[in-house]
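# What the coordinates show
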Amino acid sequence: MNPFSQNRRGERHLEQILTISAILAVSFTAGASAQENVVPPKIVMPLEDAFRGKFLIGTALSDRALEGRDPLSESLARTHFDAFTPENSMKPEALQRVKGQFTFANADALVKMAEETGATPIGHTLVWHSQTPAWFTHDDAGRLLSRREALQNMRNHIAAVVGRYKGRVKQWDVVNEAVSDSGEAILRDSPWRQAIGDDYIAEAFRAAHKADPDAILTYNDYSNESGPKRNKTLRLLKSLLAQGIPINAVGMQCHWLLRAPLLQEADEAIRLYSALGLKVIISEFDISVLPLGNMGADIAATEAPTPTSNPYTAGLPQDVSQKLADCYGQAFAMFLRHKKDVARVTLWGVHDGTSWRNDFTVRGRTDYPLLFDRQGQPKAAFFAVQKVAQNAR
Ligand code: XIL
């Protein structure tokens, strides 16, 4: 079976639509006034049905959702999405905070939930500079480990994690965010690179392939739609492919800003990446409606929201909501034009209330980056995406 289209729903499809329209996916046309409350309910088709046969449509599940503490997100995920990425619970700090001590409970819950609903579980992520305990690359005194020791830590982690889910998790983000944002250097000077050397990326892919030779292995990054970072990424991927490294796909996170969506850039990037023979995955899609805020990492962590940086605490104005819907519609129309090459589009979160963008780049703001609102109701953006999917049938 092709793991990109792994989906065992088939015959339960009709039954599911009927149940869903009865329980939760019924909504009322937005904007109806009190006098007009006879507006007929809209029956909402699950997103995964709208995109069936095109590409997988995924969501990211938080630890709370995986621990059974967010029933709203869980039910939306089960209803609308056929790929589940753990938002945090398969990151190195979640799985192996202390060397040799693994915590798999939430990762197991994600795989189980995916299997129950016929969704594809996605492994995210094995090798990254962030959310990774220092012991992987440094000793207790903060000194860099030798290449041999750091490689061993990386290989052990990958063998244990990929090995545990062999044949069940068939897609892995093997290396995350390895390309540098600025300057001439292709690679970010991450702890992994410092300890092992530039070939840490190749070694990570080799180790993942060894642990599960049938898994789809992805290189995942942000801001790789355009500019020098896209060029660097293309050079990195070409070099990995030329060395015969087992890499199957490139992930474009696509954390966009409504102020500056990267439609044409992403369109071109998908063309360029797929010309290398790789599948393209839109791996963490969301569109923030807020001003960028201060990107400086230290400031971002402490900067308090202000009326200028956090303008929509009382709700999203209709014109902005419509602009967001238009942008989502255009993006999905573009992804659908590339459906031969795009294997999956994953939204980074289930509904606006739990999106990481409420806290990035400024903590404690009110953002509206996803398809469902804080009550779990489908937004104008949801209907725009649905319409595009219908038109593509
Ligand atoms: C984010 C999560 O959404 C947050 O909950 C967490 O605090 C930080 O990480 N790129 C990635 C994702 O690859 O793993 C990140 O997820 C967002 C940016």
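Refer to the structure above for everything that follows.
A short tour of the structure in this document, coming up. Positions within a chain are numbered from 1, following the residues in the order the chain's sequence is written. The predicted origin of the model limits local features to residues at a pLDDT of at least 70 and limits the giving and counting of side-chain atom pairs to 80 or more, whereas totals for whole chains, interfaces and linings rest on all residues. Only hydrogens and water are set aside when side-chain values are computed; all heavy atoms of the structure are taken into account.

## Details of the overall build of the protein chain
Quick reminder of the rule: Going along the chain from the N terminus, every DSSP run of H or I of four or more residues is numbered as a helix, and every run of E of two or more is numbered as a strand. Only protein chains enter the accessibility calculation, which uses a 1.4 Å probe; a residue whose area is less than 20% of its type maximum is buried, one above 50% is exposed, and one in between is partly exposed. Throughout, a contact is declared for two residues whenever any of their heavy atoms are within 4.5 Å. The Shrake-Rupley method, run with a 1.4 Å probe sphere, supplies the accessible areas, and residue values consider only the shown protein chains as cover.
Across its full length, the protein chain carries 14 helices and 11 strands. Per-residue burial over the protein chain gives 53% buried out of 393 residues. Expressed as a percentage of contacts within the protein chain between residues at least 6 apart in sequence, the contacts between residues at least 24 apart total 77%. For the protein chain, the exposed surface amounts to about 16,900 Å²; the carbon and sulfur share of it is 53%.

## Focus on the packing of helix α11 (residues 263–275) against helix α13 (residues 318–337)
To keep it simple, the criterion reads: Convention adopted: a line fitted to C-alpha atoms gives each axis, helices being fitted over their contacting stretch, and angles between N-to-C directions are expressed from 0 to 180 degrees. Between 65 and 115 degrees an angle is taken as roughly perpendicular, under 35 as roughly parallel, over 145 as roughly antiparallel, and anywhere else as oblique. By convention, the crossing between two helices is left-handed when the near helix turns anticlockwise from the far helix through less than a right angle, and right-handed when the turn is clockwise. Lys, Arg, Asp and Glu make up the charged group, whereas Ala, Val, Leu, Ile, Met, Phe, Trp, Tyr, Cys and Pro make up the nonpolar group; the residues left over, Gly among them, are polar.
At their nearest, the axes of α11 and α13 sit 10 Å apart, and the two run at 15 degrees to each other. Looking at the two axes, α11 sits roughly parallel to α13. Relative to α13, the crossing made by α11 is right-handed. Between α11 and α13, the residues in contact are L263, A266, D267 and I270 and Q330, A331, M334, F335 and R337, respectively. Residue composition of the contact of α11 with α13, grouped by class: six nonpolar, one polar and two charged.

## Some remarks on the pattern of salt bridges
Spelled out, the test is: Whenever a carboxyl oxygen of Asp or Glu lies within 4 Å of a side-chain nitrogen of Lys or Arg, that contact is scored as a salt bridge.
Scanning the model with the defined rule gives 20 salt bridges in all. R155 is the partner of E203 in a salt bridge, and the nearest nitrogen-oxygen pair spans 3.0 Å. Residue E203 is found in helix α9 (residues 200–211), and its partner R155 is found in helix α7 (residues 147–164); the two are separated by 48 residues along the sequence. Look at E203 and you get buried, because its relative accessible area is 11%.

## Section: α9
Inclusion rule: By this rule the span expected of a helix is its residue count minus one, scaled by 1.5 Å.
The terminal C-alpha atoms of α9 lie 16 Å apart, and with 12 residues this matches the ideal 16 Å at 1.5 Å per residue to within 8%. Along α9, nine of the 12 residues are buried, which leaves the element largely enclosed by surrounding structure. Three or more residues of α9 are buried, namely Y200, I201, A202, E203, A204, F205, A207, A208 and A211. As for α9, its buried residues are in contact with β5 (120–127), α7, β6 (171–176), α8 (191–196), β7 (216–221) and α10 (227–242).

## Topic: α13
Helix length check: α13, at 20 residues, gives a terminal C-alpha distance of 29 Å against a target of 28 Å (1.5 Å per residue), a fit within 8%. Considering only its buried residues, α13 is in contact with β3 (56–61), β9 (255–257), α11, β10 (279–288), β11 (342–347) and α14 (380–391).

## Focus: unusual backbone geometry
T125 follows H124 through a cis peptide bond whose omega is 0 degrees. Along the chain, the position of T125 falls in strand β5. Between F360 and the following residue, T361, the backbone shows a cis peptide bond with an omega angle of 15 degrees. For T361, the location among the structural elements is in the loop between β11 and α14. Of note in the backbone geometry, Q131 takes a positive phi value of approximately 50 degrees without being a glycine. Positionally, Q131 belongs in the loop between β5 and α7. In this structure, C254 takes a positive phi of about 60 degrees despite not being glycine. Residue placement: C254 occurs in the loop between β8 (249–252) and β9.

## Some remarks on the pairing of β7
Rules: The criterion for strand pairing is that DSSP finds at least two bridges linking the strands in question. Orient the strands so they point away from the viewer, and a crossover whose first-strand-to-second-strand path over the helix runs clockwise is right-handed.
With respect to burial, β7 is a largely interior element, six of its six residues being buried. Along β7, one buried face is formed by I216, T218 and N220 and the opposite face, lined by L217, Y219 and D221, is buried too. Pairing between β7 and β8: four bridges, direction parallel. The residue of β8 that forms the bridge with D221 is M252. Between the parallel elements β7 and β8, the chain passes through α10 in a crossover that is right-handed.

## A few points about the site of the ligand
As a reminder, the rule being used: Only a single heavy atom is needed: when it lies within 4 Å of a molecule or strand, its residue is near that molecule or strand. Whenever a nitrogen or oxygen atom comes within 3.5 Å of another N or O atom, the pair is scored as a polar contact, on the condition that within protein one atom can donate a hydrogen and the other can accept it, and that pairs from neighbouring residues in sequence are kept only if both atoms are in side chains.
In the vicinity of the ligand lie 13 residues, with E87, K91, H124, E284 and W348 positioned nearest. The contact in question runs from an oxygen atom of the ligand to an N or O atom on the side chain of H124, over 2.7 Å. When isolated, the ligand has an accessible area of 410 Å², and the protein chains bury 78% of it.

## Overview of the nonpolar core
Soluble globular proteins tend to bury their nonpolar side chains together. Condition: Nonpolar core, defined: a set of buried Ala, Val, Leu, Ile, Met, Phe, Trp, Tyr and Cys residues in which side-chain atoms within 4.5 Å join the residues together.
Within the largest apolar cluster, 104 residues are counted, with the highest numbers of intra-cluster contacts made by W172, F285, Y328 and F332. Sort the elements by how many residues they give to this core and α13 lands first, with 10 residues. Residue contacts for F332: discarding those within four places in its chain leaves F51, F55, I57, F285, V345, L347, V385 and V388.

## Things to note about the side chain of S73
When you line up the elements, S73 lands in helix α4 (residues 71–80). Residue classification places S73 among the buried residues on the basis of a relative accessible area of 3%. A polar contact of 2.6 Å, which involves the side chain of S73, links it to the side chain of D70. Sequence-distant contacts of S73, that is, excluding residues within four places in its chain, are made with A65, V350, H351 and T354.

## Some thoughts on the packing of aromatic side chains
This is how the line gets drawn: Stacked, tilted and edge-to-face are the three classes assigned to paired rings of Phe, Tyr and Trp, where Trp is represented by its six-membered ring and a pair needs centres within 6.5 Å; plane angles under 30 degrees give stacked, over 60 edge-to-face, the rest tilted.
Considering all chains together, one arrives at 16 aromatic pairs under this definition. Judged by centre distance (5.4 Å) and plane angle (50 degrees), the rings of F51 and F332 are tilted. Of this pair, F51 sits in the loop between α2 (47–50) and β3 while F332 sits in helix α13, placing them 281 residues apart in sequence. Judged by relative accessible area, F332 falls into the buried class, the value being 0%.

## Side note on the pairing of β3
For β3, the buried fraction is high: six of the six residues fall into the buried class. Relative to β11, β3 runs parallel, the two sharing four bridges. Within the sheet, the bridge partner assigned to T59 lies in β11 and is L347.

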